[in-house]
Structures are given as structure tokens and as C-alpha cells.
Amino acid sequence: MIKVGIIGSTGYAGGELVRILTGHKEAEIVWYGSRSYVDQRYADVYQNMFQIVDAKCMDDNMEELARRADVIFTATPQGLCASLVNEAILSETKIIDLSADFRIKDVSVYEKWYGIEHKSPRYIEEAVYGLCEINREDVRRARLVANPGCYTTCSILTAYPLAKEGIIDMSTLIVDAKSGTSGAGRGAKLPNLFCEVNENMKAYGVTSHRHTPEIEEQLGYASGEKVVINFTPHLVPMNRGILATEYASLKKDVSWSYVKEIYDKYYQKEKFVRVLDEGVLPETKWVEGSNYVDINFKIDPRTNRIIMMGAIDNLVKGAAGQAVQNMNLMFGLDESEGLNLVPMFP
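Residues numbered from 1 in each chain as written. Predicted model: local features only at pLDDT ≥ 70, side-chain atom pairs only at ≥ 80, totals over all residues. Heavy atoms only, no water.

1. A closer look at the nonpolar core
Point 1. Val 4, Leu 17, Leu 21, Phe 73, Ile 96, Leu 98 and Met 327 are the most contacted members of the largest nonpolar core, which has 42 residues in total.
Point 2. Only strand 1 (2–7), helix 1 (12–21), strand 2 (27–33), helix 2 (42–45), strand 3 (71–74), helix 7 (132–140) and helix 12 (316–330) provide two or more residues apiece to this core.
Point 3. Sort the elements by how many residues they give to this core and helix 12 lands first, with eight residues.
Point 4. Those residues in contact with Ile 96, other than ones at most four positions away along the chain, are Val 71, Ile 72, Phe 73, Thr 74, Val 145, Asn 147, Ala 323, Asn 326, Met 327 and Met 330. (Core = buried A, V, L, I, M, F, W, Y, C linked by side-chain atoms within 4.5 Å. Buried < 20%, exposed > 50% of the residue type's maximum accessible area, 1.4 Å probe, protein only. Helix = DSSP H or I, 4+ residues; strand = E, 2+ residues; numbered from the N terminus. Contact = heavy atoms within 4.5 Å.)

Here is the structure:
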């Protein structure tokens, strides 16, 4: 049985980790970390866990936690994991970090976009970017995994096969994405109040969203060239879900079946990536509560562009589900253990 510790267990991603791991046959949560609710019962914070979780919330003492847990999930704001991790901890346990601290390989890029000093840059090179469908074998051998962001998971997987095969002009790539409000976290913020969000849709982080360099870096590895994109996120009045619509110019004339073969080459054997039938477009409601990403595309011969679309649940495949998928790989388990979650509807 894998002993699991969670720092940040009372945030939305942390709560989703708890929900998923309570149904995991090979894992036991031994530490519900939360600075805000130390010594309070976890089920008092999340009433859905009444008579399911009896434990109290604990602090973020990673040294003590490393001695108790085989793996630590850090579902925390940027900077915390980097400030706590050290060689003594990594010699005793594995870490899956849900923040951005180890996602970006260039520390100067991280510090520019996130506006904070990186506290442990010596581990950046070692950290494996935990997008399982792309870096599966590296994840298996890792002791420190950088769990990808929600927008980035959807955006990268949607475009990855075409970037890898050189079908699209990467200099023309535009990513337009919409997210539910849980993506902003559980903290009280004026822009996320019901009256601010309901009956409204708005762009935010235009030209400055922190997931931009992450998308650029990973698609740059795929295409073998420097990638610079326009990424525009939007907030929509729903709890969960991300829909990414991506536009790029084609390098040559292609048919739908030709492009579908490319997607199948990369994703046909992937349990959690569903390339949809022709004419069926991804919708967030068909992936809600699941670890699936639904993908499809449309070719526009009039403009010589291809429109790629992807949908995920931002809290599952975009955060906690992907983290558990990484854990399964790191411990030699079936990759889908605990993640056979049928999408919820309605």
C-alpha cells in the first residue's frame, strides 16, 4: 500500500486528490496537510467526506511527512514546494508538485512570468514534466515530477501530434481557451464572486498568462523549433472544465483522414485521450469528473488553417487525476488505477 501525503489538501485540486485517492486500491492517505485548517476535521471542511474521511488536517512539515509517506503531492501556490524541497526529503520520498515550480526548465523564464525567485533551481533539470502521454518512461524513473498546468495539459495534447509531425506552421499557432471558475482556486477573490462571474464571460491574463511559456516550451520540444504563441484564456460561469480552440496554418494540403491517422498514431493506445469521430466536437460536459481529454479538429481549406479543439476537466486531467496517473507510473502500477471515472452527466 502506497502511503500518500498531501500538502494543500483543502484547495480544489487537493480536495480532488482526496476524492480520487479514497477510491484507489493501492494508496492510503496518511497526511491531510492544510495551513488554513490545522487540527480541524477534514470532513468539516469538505462535508462530502463525512463518514468517509475521519482524519484531521495537519501542517506542511515536509521533513516529518517525508518520513511517513512514500509520495507527497504538493497542491500549493507557486514557490512553496521549491522552498521546502531538499536532498534529504527526496532521499526518503517522491514528490509530485502540482504548482509551476519545476515545470519550466529555464529558471529566468519562471522568475519573469511568476515574479518570484526560485528557491531550489538545482532540481529543475532533474524534475520530469509529468504529461504522461508524452513523458511516460521518464515519469516511471522520476523522484520529482512537475505536474502540468490545466490549460497547458489541454493545449499541448490537442496540438502535440501535429506539432511533432511538422504539419502546422508553429509561428501561426493561436490558443483560445475557456475555463470554469475552479481553475482560479478556492481562495476568496472579488473577480470570482457569483455576481461577478454569473451571466458573464471575460478574457483575462491577455498576453501575460503564466501558462504561456509552459505551452511554448513543450510544443517547442515537440516541433524542434522555438515556439511563440498567442494564448488567451477566458473565464466562463461553470464550475469545471476547459475547452481549448487552437488555430494554425497548414504547411501542406491535407485531408481529414490524413490528419486523423496522425492523431491515431499518437493516441490510439492512450486510455485517457479520446480522438472523436468526424464532425463530433469536444464539449466540457462530456469529460466532467473524468480523467479524459476529448480532441478533434476541423480543416478550413478556404484559409489553409486547421482548427484543433480539446476539452478536459481542469481539476481531474488538468490537476489531480493527472497527478495520480503520474503516481501510478512512478510506483509501477496500472496507469489507470483509481482513474476509471466515467464522465458525469448532467
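2. Details of the packing of helix 8 (residues 150–164) against helix 10 (residues 212–223)
Point 1. Running from N to C, helix 8 and helix 10 point in directions that differ by 20°, and their axes come no closer than 9 Å. For the element pair helix 8 / helix 10, the angle class is roughly parallel. Here helix 8 runs over helix 10; the crossing is right-handed. Only Glu 214, Ile 215, Gln 218, Leu 219, Ala 222 and Ser 223 of helix 10 make contact with helix 8, whose side of the interface consists of Thr 152, Ser 155, Ile 156, Ala 159, Tyr 160, Ala 163 and Lys 164.
Point 2. In terms of residue class, the contact of helix 8 with helix 10 is made up of seven nonpolar, four polar and two charged. (Axes fitted to C-alpha atoms, helices over the stretch in contact; angles between N-to-C directions. Parallel < 35°, antiparallel > 145°, perpendicular 65-115°, else oblique. Left-handed = near helix turned anticlockwise from the far one by under 90°. Nonpolar A, V, L, I, M, F, W, Y, C, P; charged D, E, K, R; others polar.)

3. Focus: the pairing of strand 2
Point 1. Within strand 2, five of the seven residues are buried, which leaves it mostly tucked inside the rest of the structure.
Point 2. In terms of handedness, the path from strand 1 via helix 1 over to strand 2 forms a crossover that is right-handed. (Right-handed = clockwise from strand over helix to strand, strands pointing away.)

4. A few points about the layout of surface pockets
Gaps left between atoms are located by rolling a probe of water-molecule size over the structure's atoms.
Point 1. By volume, the largest pocket amounts to about 1400 Å³.
Point 2. Lining the largest pocket are 48 residues, and of these Pro 77, Gln 78, Gly 183, Ala 184 and Gly 185 lie nearest its centre.
Point 3. Contributions of two or more residues to the lining of the largest pocket are made by helix 1, helix 8 and helix 12.
Point 4. Here the lining of the largest pocket takes three residues from helix 1, the largest share from any one element.
Point 5. Of the volumes computed, that of the second largest pocket is approximately 460 Å³. (1 Å grid on protein atoms, 1.4 Å probe; cavity = no way out; pocket = protein on both sides within 12 Å on 5 of 7 lines; lining within 4 Å. Points joined across faces, edges and corners; volume = space filled by probe spheres on them.)

5. What about the sheet that holds strand 7 (residues 174–179)?
Point 1. Reading across from one edge, 8-9-7-10-13-12-11 is the order of the seven strands in this open sheet, with mixed pairing throughout. Each of the sheet's edge strands pairs with one partner strand only, and the pair in question is strand 8 (202–203) and strand 11 (273–275).
Point 2. As paired strands, strand 7 and strand 10 (residues 242–249) are joined by six bridges and run antiparallel to one another. Along strand 10, the bridge assignment pairs Val 175 with Glu 246.
Point 3. Most of the contacts of helix 11 (residues 256–267) go to strand 12 (residues 293–300), to which it runs at about 155°, and overall it touches strand 11, strand 12 and strand 13 (305–312). (Pairing = 2+ DSSP bridges.)

6. Digging into helix 7
Point 1. All buried positions along helix 7 are accounted for by Cys 132, Glu 133, Asn 135, Arg 136 and Val 139.
Point 2. Considering only its buried residues, helix 7 is in contact with strand 5 (128–129), strand 6 (144–146), helix 8, helix 10, strand 11 and helix 12.

7. Some points on the pattern of salt bridges
Point 1. Tallying each qualifying case throughout the model produces 22 salt bridges.
Point 2. In this structure, Glu 16 engages Arg 19 in a salt bridge whose closest nitrogen and oxygen atoms are separated by 2.8 Å. With Glu 16 and Arg 19 both in helix 1 and three residues apart, the pair spans about one turn of that helix.
Point 3. In this structure, Lys 317 engages Glu 133 in a salt bridge whose closest nitrogen and oxygen atoms are separated by 3.0 Å. Here Glu 133 lies in helix 7 and Lys 317 lies in helix 12, a separation of 184 residues in the sequence.
Point 4. Look at Glu 133 and you get buried, because its relative accessible area is 11%.
Point 5. Beyond isolated ion pairs, a larger network of salt bridges with shared partners links Glu 16, Arg 19, Arg 240 and Asp 313. (Salt bridge = Lys/Arg side-chain N within 4 Å of Asp/Glu carboxyl O.)

8. Remarks on helix 8
In an α-helix, one turn spans 3.6 residues; hence positions three or four apart end up facing the same way.
Point 1. In this model helix 8 runs 21 Å from its N-terminal to its C-terminal C-alpha over 15 residues, within 8% of the 21 Å that 1.5 Å per residue would give.
Point 2. When the local axis directions of helix 8 are compared, the greatest deviation, roughly 35°, occurs at Thr 158, which is followed within four positions by the proline Pro 161.
Point 3. A positive backbone phi angle near 70° is found at Gly 166, which sits one or two residues after helix 8. (Expected span 1.5 Å × (residues − 1). Bend = angle between axes of the 7 residues up to and from the residue.)

Taken by themselves, the reported measurements are silent on function.
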